[in-house]
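Structure at a glance
Below are the chains, spelled out letter by letter.
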Amino acid sequence: MHQGSGILSTRQRRLAWLGFLLAALQAPVSAWLVSDESWLFSLCVALMVATVIIADDAARRRPADAAGD
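Reading the values: the criteria
- Residues numbered from 1 in each chain as written.
- Predicted model: local features only at pLDDT ≥ 70, side-chain atom pairs only at ≥ 80, totals over all residues.
- Heavy atoms only, no water.
- UniProt positions renumbered as here; feature names shortened; annotations may be inferred.
- Helix = DSSP H or I, 4+ residues; strand = E, 2+ residues; numbered from the N terminus.
- Contact = heavy atoms within 4.5 Å.
- Buried < 20%, exposed > 50% of the residue type's maximum accessible area, 1.4 Å probe, protein only.

Once that is clear, we can look at the UniProt feature "transmembrane region" (unreviewed entry) in the protein chain. Under the feature "transmembrane region" (unreviewed entry), the UniProt entry names residues 15-33 and 39-55. As annotated, residues 15-33 has a helix share of 100% and a strand share of 0%, and its two end C-alpha atoms lie 26 Å apart. The distance separating the terminal C-alpha atoms of residues 39-55 is 25 Å; by composition the span is 100% helix and 0% strand.

Structure (structure tokens):
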């Protein structure tokens, strides 16, 4: 049984993980340094990138013959 391919290429997946880590680390640092609530934007971006990574994981774990369902 073959696994399906994801929606991201290997390079895009690595960049998504890098973007997620940078945004997730930037949020608490900017919350500490800045008095306004602009750090929430970094948190939202990190959550959106995490959603794409999770969707890619789900697509990769799906069997290749079930991709058309």
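With that settled, the discussion passes to the environment of Ala27. Locating Ala27 in the fold gives a position in helix H1 (residues 10-33). Taking C-alpha positions, Ala27 is 8.0 Å from Phe41, a pair spaced 14 residues apart along the chain. If we skip the residues at most four places from it in the chain, Ala27 touches Trp39, Ser42 and Leu43.

It is worth spelling out the environment of Leu8 at this point. Looking at where Leu8 falls in the secondary structure, it is placed in the segment before H1. For Leu8, a relative accessible area of 16% puts it in the buried group. Leu8 sits 51 residues away from Ala59 along the chain, and the two C-alpha atoms are 9.5 Å apart. In this view, Leu8 contacts Arg13, Ala16, Val52, Asp56 and Arg60; residues no more than four positions away in its chain are not counted.

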